2 protein chains.
Amino acid sequence: MIEARHLRVLRAVAATGSFSAAARELGCTQPAVSQQMKALEQSTGTPLLIRTGREMRLTEAGEALVRHAAGILAGLTAAEEEVAALAGLRAGRVRLVSFPSGSSTLVPTALAGLRAAHPGTRVSLVEAEPPRSVEMLRGGDCEIALAFRYPQAAADVDPAAGWDDLVVRPLLRDRLVVMVPHDHRLAGAGTVGIGELAEEPWIAGCPRCRRHLVEVCEAEGFTPRIDFATDDYPAVVGLVGAGLGVAVLPELAVECVRAKGTATLEVKPAVRREVVALTLPDLARVPAVAATLDRLELAARR
Amino acid sequence: MIEARHLRVLRAVAATGSFSAAARELGCTQPAVSQQMKALEQSTGTPLLIRTGREMRLTEAGEALVRHAAGILAGLTAAEEEVAALAGLRAGRVRLVSFPSGSSTLVPTALAGLRAAHPGTRVSLVEAEPPRSVEMLRGGDCEIALAFRYPQAAADVDPAAGWDDLVVRPLLRDRLVVMVPHDHRLAGAGTVGIGELAEEPWIAGCPRCRRHLVEVCEAEGFTPRIDFATDDYPAVVGLVGAGLGVAVLPELAVECVRAKGTATLEVKPAVRREVVALTLPDLARVPAVAATLDRLELAARR
DNA sequence: TGAGTTTACGCTACACGTAACTATC
DNA sequence: GATAGTTACGTGTAGCGTAAACTCA
């Protein structure tokens with residue numbers, strides 16, 4: 001088995017015509033070069049260099065080896081370059097999966113920062129919810145999954161139940177607020193207890209949010225009457241604005257929607273959801289992934 | 001500094017998807033593989049493999065490295081072969097990959113001649129079809145790949161599409177013939193047009209042959225009813241002999257099968273397939289490879 | 001429980017550098 | 001005698017295999 005290191009030395013010897021000069025060029029001692037060439041000749045089973053007095057000449061086999069060495073060493077340095085680019089964030093692709101309408105501000109901010117700092121990295125974004133997004137993560141279809149959970153959720157609906165072997169990077173804890181039509185009796189109240197809304201028609205969000213809403217209300221002793229349910233946050237806001245009901249929404253989601261005709265109220269016993277980034281342990285050490293996670297955290301801290 | 005030995009191991013791991021399987025393939029213990037990969041990841045400074053439960057997956061950097069590895073290792077083996085040949089050992093080893101049941105006469109004839117002329121050269125034979133055989137060629141797992149193509153094939157199924165950087169040595173152009181049961185109405189006709197067999201049940205060969213058969217028939221305005229399809233040429237002949245249908249076969253394949261109970265007919269607008277030998281430019285200059293190619297050509301011209 | 005991966009440990013082997021020796025001009 | 005190459009030797013490191021711990025299906 002020919003070793004690349006030997007080829008590097010052979011090439012230097014061929015270029016300089018001397019072991020000593022090659023040693024100087026390679027930054028090692030001259031006996032080291034001598035030994036390497038001896039080892040190479042032994043592993044190929046044929047002489048490569050002709051030591052005629054003081055000068056060094058190549059045999060035909062030596063010539064052949066030097067000829068091949070060029071391509072092989074070029075391939076090796078190309079491989080090193082490419083890996084170094086990936087390791088040094090001059091290249092790299094990160095596939096991000098986010099829950100729908102979840103991070104209208106978070107993801108763009110993070111990606112803008114990442115692009116500014118490392119123009120070579122490319123990030124793609126797809127929308128999916130756990131457990132689908134976690135499947136994608138495990139299946140190699142993405143590197144980072146954004147998800148959220150309700151810290152007090154019952155174990156059987158908590159998606160975090162399956163996250164034991166994942167790297168979970170908490171990004172932010174988002175307060176939930178109640179949104180009511182602007183002419184609602186509580187519109188000016190500032191804060192409200194969930195129990196005060198027992199008789200209201202509700203507009204719910206995604207299935208998990210809906211389930212969570214029901215849990216919270218039942219803890220307050222009533223079952224909410226849910227007239228509408230949609231994944232689409234702007235649509236929820238529109239429905240509230242049209243006076244069709246009340247809703248709970250993550251504060252962050254409210255910030256980036258023009259909430260015409262509505263008023264928002266703090267919920268008295270504060271309810272929060274936690275937004276986290278998930279990845280695999282090995283992927284967390286991939287530079288482009290680590291950088292993206294850092295940027296997401298940075299964007300969340302803003 | 002990336003070492004070639006590491007690349008060899010990485011490639012085996014990528015190909016098998018497991019450290020244990022790679023170790024078996026490489027003839028070493030599994031912890032050795034584990035250590036080599038650890039060392040490679042350390043020397044590149046970035047994770048290359050994702051250990052997710054039981055399966056091994058490559059990171060982007062790992063993919064890049066495997067991509068480069070093919071060329072580097074092919075270069076190394078080419079260099080080794082050339083030096084070995086120049087050393088006068090004539091212990092040149094040529095690994096030949098042929099499409100299945102393709103060259104029952106061609107390969108044996110060529111190898112017999114080669115052995116007579118150069119007793120030192122050893123040739124091994126494995127069966128695989130393009131694109132697998134071409135992958136083996138590029139990956140350094142063989143020196144010569146035998147393949148065939150239909151000159152009129154549509155570009156998207158023509159394997160020659162990926163042969164731009166290979167040395168393509170045409171060996172022979174093989175006429176296709178139609179084989180029918182001996183009591184078939186056309187058994188004595190001598191020649192036949194494909195269109196006359198529109199209503200027959202067909203027995204097809206390998207997937208690519210089958211695709212080609214459908215193409216040819218559709219050019220004649222009908223879709224063949226294919227009742228059986230098998231890679232095994234003697235089996236095809238047996239099915240025809242049993243009266244279960246008609247088939248098209250390469251003339252060479254018919255010659256070396258006892259075609260009991262069948263009759264063969266020339267196809268009126270002649271259809272041919274082209275059998276070629278593929279190798280890499282560097283390998284084409286290795287004496288043992290060159291000699292094998294020459295012998296193949298000679299055997300085909302016979 | 002079983003297959004697969006990692007970790008720990010002892011061993012060997014290899015490669016380097018220093019230093020002494022040899023050979024050529 | 002000076003420059004270049006080889007040989008000899010001590011040291012450090014790196015890789016392997018065996019064996020044991022660990023993990024996921």
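None of the values given here were measured: they were computed from a predicted structure.

A.B. asks: Explain the packing of helix H2 (residues 19-26) of chain B against helix H3 (residues 30-44) of chain B here, please?
C.D. replies: Packed helices, taken two at a time, are described by the angle between their axes plus the distance between the axes. Residues and elements named next belong to chain B. Their axes nearest at 8 Å, the elements H2 and H3 cross at an angle of 110°. By the angle between their directions, the pair H2 and H3 is classed as roughly perpendicular. On H3, the residues touching Phe19, Ser20, Ala22 and Ala23 of H2 are Gln30, Val33, Ser34 and Met37. Across the contact of H2 with H3, the residue classes tally to 5 nonpolar, 3 polar and no charged.

A.B. asks: How do you make sense of the interface of chain A and chain B when you look at a structure like this?
C.D. replies: Buried accessible area, meaning the area lost when the parts come together, often serves as the stated size of an interface. Between chain A and chain B, the residue contacts involve 36 residues of the former and 35 residues of the latter. If you look at where chain A meets chain B, you find 9 residue pairs in polar contact (both at pLDDT 80 or more). Only helix H1 (4-16), helix H4 (60-87), helix H6 (132-138) and helix H10 (281-284) of chain A provide two or more residues apiece to the side of chain A that touches chain B. With 16 residues, H4(A) is the largest single contributor of residues to the side of chain A that touches chain B. In terms of residue class, the side of chain A that touches chain B is built from 19 nonpolar, 7 polar and 10 charged.

A.B. asks: Explain the packing of aromatic side chains here, please?
C.D. replies: What describes a pair of aromatic rings is the distance from one ring centre to the other and the angle between the planes of the rings. Scanning all chains against the criterion turns up 4 aromatic pairs over all chains. Residues A:Phe99 and A:Phe148 carry aromatic rings whose centres are separated by 4.8 Å and whose planes lie at 75° to one another, so their mutual orientation is edge-to-face. You can see A:Phe99 sitting in the loop between strand E3 (93-98) and helix H5 (106-117) and its partner A:Phe148 sitting in strand E5 (residues 144-149), a full 49 residues away along the chain. For the residue pair A:Phe99 and A:Phe148, the accessibility class agrees, reading buried in each case. With a centroid separation of 5.9 Å and an interplanar angle of 80°, the aromatic rings of B:Phe148 and B:Tyr150 are classed as edge-to-face. Accessibility classification places B:Phe148 together with B:Tyr150 in one group, the buried group. Directly above the aromatic system of A:Phe148 lies the positively charged group of A:Arg208, at a separation of 4.3 Å from the ring centroid. Taking the ring centre of A:Phe148 as reference, the NZ or CZ of A:Arg273 above it sits at 4.6 Å.

A.B. asks: I would appreciate a short explanation of helix H7 (residues 207-219) of chain B in the present structure.
C.D. replies: Residue and element names in this part refer to chain B. In this model H7 runs 18 Å from its N-terminal to its C-terminal C-alpha over 13 residues, within 8% of the 18 Å that 1.5 Å per residue would give. Restricting attention to buried positions, one finds in H7 the residues Arg208, Cys209, His212, Leu213 and Cys217. On the buried face of H7, the contacting elements are strand E5 (144-149), strand E6 (167-181), strand E8 (201-204), strand E9 (225-229), helix H8 (233-241) and strand E10 (247-250). Immediately beyond the C-terminal end of H7, within one or two residues, lies Gly221, with a positive phi of roughly 95°.

A.B. asks: How should the pattern of salt bridges be read in this particular structure?
C.D. replies: A side chain of one charge can pair with a side chain of the opposite charge if their charged atoms are brought near each other. Residue and element names in this part refer to chain A. Scanning all chains against the criterion turns up 23 salt bridges over all chains. Glu143 serves as the salt-bridge partner of Arg95, at 2.5 Å between the closest nitrogen and oxygen. Taken together, the residues span a long stretch of sequence, with Arg95 in strand E3 and Glu143 in the loop between H6 and E5 at a distance of 48 residues. The buried category is assigned to Glu143, whose relative accessible area is 8%. With its nearest N and O atoms 3.4 Å apart, the salt bridge here joins Arg285 to Asp282. Among the charged side chains, a network of salt bridges with common partners joins Arg169, Asp294, Glu297 and Arg301.

A.B. asks: Explain the nonpolar core here, please?
C.D. replies: Soluble, globular proteins show a tendency: their nonpolar side chains are buried together. Core analysis: the biggest nonpolar cluster contains 72 residues, and A:Leu106, A:Ile144, A:Leu171, A:Val178, A:Trp202, A:Leu278 and A:Leu296 have the highest contact counts within it. Each of two domains, domain 2 (93-171 + 275-300) and domain 3 (174-272) of chain A, supplies a minimum of three residues to this core. Not counting the four nearest positions on each side in its chain, A:Leu106 is found in contact with A:Leu171, A:Leu172, A:Val275, A:Leu296, A:Ala299 and A:Ala300. Ranked by size, the runner-up nonpolar core spans 55 residues in total, among them B:Phe99, B:Phe148, B:Leu265 and B:Val289.

A.B. asks: How should the environment of A:Ala187 be read in this particular structure?
C.D. replies: All names here are of chain A. Relative to the helices and strands, Ala187 resides in the loop between strand E6 (167-181) and strand E7 (191-192). Spatially, the C-alpha atoms of Ala187 and Thr264 are 7.3 Å apart, while their sequence positions differ by 77 residues. In contact with Ala187, other than residues within four places in its own chain, are Val180, Pro181, His182, Ala263 and Leu265.

Rules of the game
- Residues numbered from 1 in each chain as written.
- Chains lettered and ligands numbered in written order.
- Predicted model: local features only at pLDDT ≥ 70, side-chain atom pairs only at ≥ 80, totals over all residues.
- Heavy atoms only, no water.
- Axes fitted to C-alpha atoms, helices over the stretch in contact; angles between N-to-C directions.
- Helix = DSSP H or I, 4+ residues; strand = E, 2+ residues; numbered from the N terminus.
- Parallel < 35°, antiparallel > 145°, perpendicular 65-115°, else oblique.
- Contact = heavy atoms within 4.5 Å.
- Nonpolar A, V, L, I, M, F, W, Y, C, P; charged D, E, K, R; others polar.
- Polar contact = N/O pair within 3.5 Å; in protein donor to acceptor, adjacent residues only side chain to side chain.
- Phe/Tyr/Trp six-rings, centres within 6.5 Å; stacked < 30°, edge-to-face > 60°.
- Buried < 20%, exposed > 50% of the residue type's maximum accessible area, 1.4 Å probe, protein only.
- Lys NZ or Arg CZ within 6 Å of the ring centre and 35° of its normal.
- Expected span 1.5 Å × (residues − 1).
- Salt bridge = Lys/Arg side-chain N within 4 Å of Asp/Glu carboxyl O.
- Core = buried A, V, L, I, M, F, W, Y, C linked by side-chain atoms within 4.5 Å.
- Domains from an automatic or database assignment.

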